[in-house]
Amino acid sequence: MLRHLTSILVPTAFRIFLVWYLIALLLELLFPGMVSAVIRLDFFLWTVILLAVFSFFIHRTRA
Amino acid sequence: MQSRLGILPYEMRPHNPVQVIPVAKAIIFLIPIAVFLWAFARYFSLSGTLTVHYDFRGESPMVSEFYPRGRALDREQNLRTAEVYQRIVGEPVYMDVDVPRSFDTVDVTMEYFNPDQSILEFGLVTSREPWAVALQPLENRVIDEALLTWNRTETNDGIVLLQREPLYSSVEEFLASPPEHHIATYQYVLAIDYHDPAYSAEDGGITIDRQLRGPHDFVTYIKDETLHIEFDIVDMNREFNVDDVRVAVYQGDTPVFDQLLPDDGITEATSVLSSRQTIIVDVPNLPEGAYRIDMTTTNDIVIEQIRSDQHKLVVVNHLYIMNNEEYRSVFPETATSPTALQFSGRKLTLQTDHPNGLQTVVIGEATVPIETVHSPHVWLSENTDWSVVETITLPVNDLILDAKGFFAFASDQFFDPNKNTEYINERTEIDELGSILYRNYTSPQTARTISTQSRTLTLDGVSGDRKHLTFVLSAPGLDRERFLLAVRDIQFVFTREPLVNRLRKRFFQ
């Protein structure tokens with residue numbers, strides 16, 4: 001069951017976080033300090049990268 | 001529903017992932033939304049506060065490091081403790097903070113390492129043209145040292161008296177008959193009842209034919225005569241503002257005269273010179289003594305001439321003399337001859353904002369070259385005698401002079417209403433003092449070697465939109481003495497009225 005949940009949620013989280021990361025970059029560009037004062041954008045980027053890597057492997061396992 | 005084997009289908013089993021997945025997806029979706037809503041509310045200060053913190057560990061989009069380079073070194077890390085800090089080796093240094101909205105006040109908390117420097121002040125640049133700074137105390141070692149052993153008395157409005165020997169039981173008693181010994185003040189203007197037994201009124205007054213820009217405070221002395229002084233003023237209309245002029249006369253803290261001259265009606269920056277107007281201060285039947293005349297206005301207002309029946313008149317702390325080719329287009333008749341001043345004070349800051357104002361100023365035997373615009377040049381007295389009056393010569397004028405002292409335009413006009421008192425500076429020796437009067441100061445908290453101090457600064461007087469703020473850290477004499485100062489953490493808590501209250505006021509009141 002956990003494997004099933006992971007196979008669905010990780011790609012979903014990747015897509016959502018990727019969109020929000022791009023939004024965060026845009027907001028930071030328009031309003032310097034708005035996002036970076038609350039969360040570290042480099043950690044956010046690493047989260048997106050890790051989710052992308054996991055999603056890739058999940059996709060390959062399914063295939 | 002049950003299969004022939006008695007096993008529930010996958011979808012119908014307990015903890016059905018089909019039910020868990022939408023919940024998990026919703027959580028994943030809501031987490032970033034919540035974080036971004038929080039960031040939005042924080043950034044746009046819906047609650048009325050914005051906290052900006054800088055620990056020097058990297059670059060911040062809202063806070064700069066201290067600058068300029070040369071006075072502030074690059075950020076460094078202590079490899080043993082992993083602390084990151086920035087060393088300050090000259091003064092003043094500046095720090096820019098960009099905020100998305102304008103705020104009313106800011107609480108600043110700074111953590112710093114200061115083994116030697118006796119006076120530290122922190123504040124804001126309130127105006128760039130002309131240059132103006134409002135400073136508040138961070139640390140004053142003279143007061144800190146006196147607090148350890150001296151007698152302490154405080155009034156209800158926060159004026160503190162420290163006495164080496166407890167001769168007075170209250171501040172009021174002290175002010176009523178101040179002692180003969182040296183008194184130091186800090187963040188407080190001591191209004192001792194000054195009396196000059198040798199003074200007598202004379203016929204024929206004085207005329208000061210120098211152009212003074214912006215607000216100025218004066219002190220004059222009268223005895224059996226009418227207080228009479230006239231200011232010829234014009235409005236340059238160089239800035240977008242309302243240029244009201246308020247003239248108030250005080251004896252001590254008691255007002256005896258108040259007059260408001262409204263703006264000429266031009267609030268745009270048209271550079272159209274208004275017609276000359278005269279403010280007449282005429283107050284008969286005043287008792288003998290020193291009277292302070294405060295002219296509160298903007299930097300668009302120029303005093304073209306001062307005429308007074310009194311023959312003692314000094315300018316307090318701040319003097320901005322124009323009389324330079326820079327203003328020839330506005331004042332074709334301006335006299336650009338050198339200005340001679342009499343000055344009492346142990347420290348003087350000189351600054352010009354125009355290349356035409358670069359010059360070499362002569363102060364007593366010393367010379368102070370003014371070689372750069374927009375930067376303060378500091379002169380420090382080598383004299384330990386407080387009563388020495390220096391002669392200053394300004395070859396081409398156009399200088400802003402700031403000091404804790406008095407200026408006069410002629411030696412016979414000079415008098416020192418604060419005789420025997422000194423504003424605490426980096427050269428003040430506690431051994432010379434008998435008592436200290438101060439307010440608006442509490443000692444920093446020190447844990448091991450790190451001091452922490454908090455100050456509240458008001459942003460009301462800051463020109464512009466108050467979104468790009470420049471803070472100042474002043475450590476007088478730091479570079480001269482080669483002292484070390486390091487700042488490791490600074491936090492700004494900006495405050496304004498919450499959005500809800502502002503909306504309520506706008507739409508329901």
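Because the structure is a prediction, the values reported are computed rather than measured.

Novice: Please explain a negative patch on the surface as it appears in this structure.
Specialist: All names here are of chain B. A contiguous patch of negative charge, built from Glu145, Glu429, Asp431 and Glu432, is present on the exposed surface. Considering the arrangement of structural elements, one finds Asp431 in the loop between strand S28 (421–423) and strand S29 (435–438). Given the relative accessible area of 66%, Asp431 is considered exposed.

Novice: Honestly, the sheet that holds strand S4 (residues 93–98) of chain B in this entry has me stumped. Any pointers?
Specialist: Residues and elements named next belong to chain B. Taken in spatial order, the four strands make up an open sheet running S4-S32-S6-S7, and their pairing is antiparallel. Where the open sheet ends on each side, the last strands, each with one partner, are S4 and strand S7 (131–140). Mean inter-strand twist for the sheet, computed between neighbouring axes without regard to direction, equals 25°. For S4 and strand S32 (residues 468–474), the ladder comprises six bridges, and the chain directions are antiparallel. Note that in S32 the partner of Tyr94 across the bridge is Val472.

Novice: What is the right way to look at the nonpolar core in this model?
Specialist: Nonpolar side chains tend toward joint burial in soluble globular proteins. Phe66, Phe122, Phe471, Leu473, Phe492 and Phe494 of chain B are the most contacted members of the largest nonpolar core, which totals 60 residues. If you tally residues by element for this core, the top one is helix H1 (residues 2–30) of chain A, at 11 residues. Split by domain, the residues of this core number at least three in each of domain 1 (10–43) and domain 2 (53–141 + 441–500) of chain B. If sequence neighbours within four positions are ignored, Phe494 of chain B has contacts with Gly48, Thr49, Leu50, Val52, Val97, Val99, Phe103, Thr105, Val106, Leu459, Leu469 and Phe471 of chain B.

Novice: Hey, could you run me through the domain arrangement of chain B in this one?
Specialist: You'll often see interface size given as the accessible area lost when the parts meet. Domain assignment breaks chain B into domain 1 (10–43) and domain 2 (53–141 + 441–500). Its C-alpha centre places domain 1 of chain B at a distance of 42 Å from the equivalent point of domain 2 of chain B.

Novice: When you look at the packing of aromatic side chains in this model, what are you seeing that I'm missing?
Specialist: Two numbers describe a pair of aromatic rings. These are the distance of the centres and the angle of the planes. Evaluated as defined, the whole model comprises 24 aromatic pairs over all chains. Geometrically, the ring pair formed by Phe40 of chain B and Phe44 of chain B is tilted, given 4.8 Å between the ring centres and 50° between the ring planes. Among the aromatic side chains, those forming a connected cluster through ring pairs are Phe103, Phe122, Phe471, Phe492 and Phe494 of chain B. Its guanidinium or amino end placed over the ring of Phe43 of chain A, Arg40 of chain A lies 4.5 Å from that ring's centre, counting from NZ or CZ.

Novice: I would appreciate a short explanation of the sheet that holds strand S8 (residues 151–154) of chain B in the present structure.
Specialist: Within a sheet, adjacent strands bond to each other through the backbone by hydrogen bonds, running parallel or antiparallel. Residue and element names in this part refer to chain B. Overall, mixed pairing links the five strands, which are arranged S8-S9-S29-S10-S28 in an open sheet. The open sheet has two edge strands, S8 and S28, and neither has a second partner. Looking at each pair of strands side by side, their axes are set apart by 20° on average, direction ignored. Relative to S29, strand S10 (residues 183–186) is paired through four bridges, and the arrangement is parallel. Pairing of Tyr186 across the sheet is with Tyr438, part of S29.

Novice: What's the story with the interface of chain B and chain A in this structure? I'm lost.
Specialist: Counting from both sides, the interface comprises 21 residues of chain B and, opposite them, 23 residues of chain A. A buried area of about 2,000 Å², summed over both sides, lies between chain B and chain A, and 86% of it is on carbon and sulfur atoms. Looking only at chain B, the three residues that lose the most surface to chain A are Ile28, Phe36 and Tyr43 of chain B, adding up to 31% of its buried area. Counting across the interface, chain B meets chain A through zero salt bridges. Residue composition of the side of chain B that touches chain A, grouped by class: 18 nonpolar, one polar and two charged.

Novice: Please explain the pattern of salt bridges as it appears in this structure.
Specialist: Two side chains that carry opposite charge are able to pair once their charged atoms sit near each other. Residue and element names in this part refer to chain B. Inspection of the entire model under this criterion finds 19 salt bridges over all chains. Linking Glu65 and Arg69 is a salt bridge whose minimum nitrogen-to-oxygen distance equals 3.4 Å. Note on Arg69: relative accessible area 54%, which makes it exposed. As a salt-bridge pair, Asp232 and Arg307 come within 2.7 Å of each other at their nearest N and O atoms. With Asp232 in strand S14 (residues 227–235) and Arg307 in strand S19 (residues 301–308), this pair connects stretches of sequence that are 75 residues apart. Since its relative accessible area comes to 3%, Asp232 is described here as buried. Through salt bridges with shared partners, a single network forms among Glu230, Asp232, Arg276, Glu304 and Arg307.

Novice: Looking at this model, I keep getting lost on unusual backbone geometry. Mind explaining?
Specialist: Peptide bonds are, in most cases, trans, and in most cases residues other than glycine have a negative phi. All names here are of chain B. Omega for the bond connecting Tyr67 with Pro68 falls within 30 degrees of zero, at 5°, which places this linkage in the cis form. With respect to the helices, strands and loops of the structure, Pro68 is situated in the loop between strand S1 (49–54) and strand S2 (72–77). Note the cis peptide between Glu91 and Pro92, where omega equals -5°. With respect to the helices and strands, Pro92 occurs in the loop between strand S3 (84–88) and S4. Its identity as a non-glycine residue notwithstanding, His374 has a phi of 65°, on the positive side. Relative to the helices and strands, His374 is located in the loop between strand S24 (366–370) and strand S25 (377–380). When its relative accessible area of 39% is taken as the criterion, His374 is described as partly exposed.

Cut-offs used in this document
Residues numbered from 1 in each chain as written. Chains lettered and ligands numbered in written order. Predicted model: local features only at pLDDT ≥ 70, side-chain atom pairs only at ≥ 80, totals over all residues. Heavy atoms only, no water. Patch = residues over 30% accessible without salt bridge, like charges linked within 9 Å, V, L, I, M, F, W, Y side chains within 5 Å. Areas by Shrake-Rupley, 256 points an atom, 1.4 Å probe, with all protein chains shown as cover. Salt bridge = Lys/Arg side-chain N within 4 Å of Asp/Glu carboxyl O. Lys, Arg positive; Asp, Glu negative; His and termini not counted. Charge placed at Lys NZ, Arg CZ, Asp CG, Glu CD. Helix = DSSP H or I, 4+ residues; strand = E, 2+ residues; numbered from the N terminus. Buried < 20%, exposed > 50% of the residue type's maximum accessible area, 1.4 Å probe, protein only. Pairing = 2+ DSSP bridges. Axes fitted to C-alpha atoms, helices over the stretch in contact; angles between N-to-C directions. Core = buried A, V, L, I, M, F, W, Y, C linked by side-chain atoms within 4.5 Å. Domains from an automatic or database assignment. Contact = heavy atoms within 4.5 Å. Phe/Tyr/Trp six-rings, centres within 6.5 Å; stacked < 30°, edge-to-face > 60°. Lys NZ or Arg CZ within 6 Å of the ring centre and 35° of its normal. Buried area = accessible area lost by both parts, 1.4 Å probe. Nonpolar A, V, L, I, M, F, W, Y, C, P; charged D, E, K, R; others polar.

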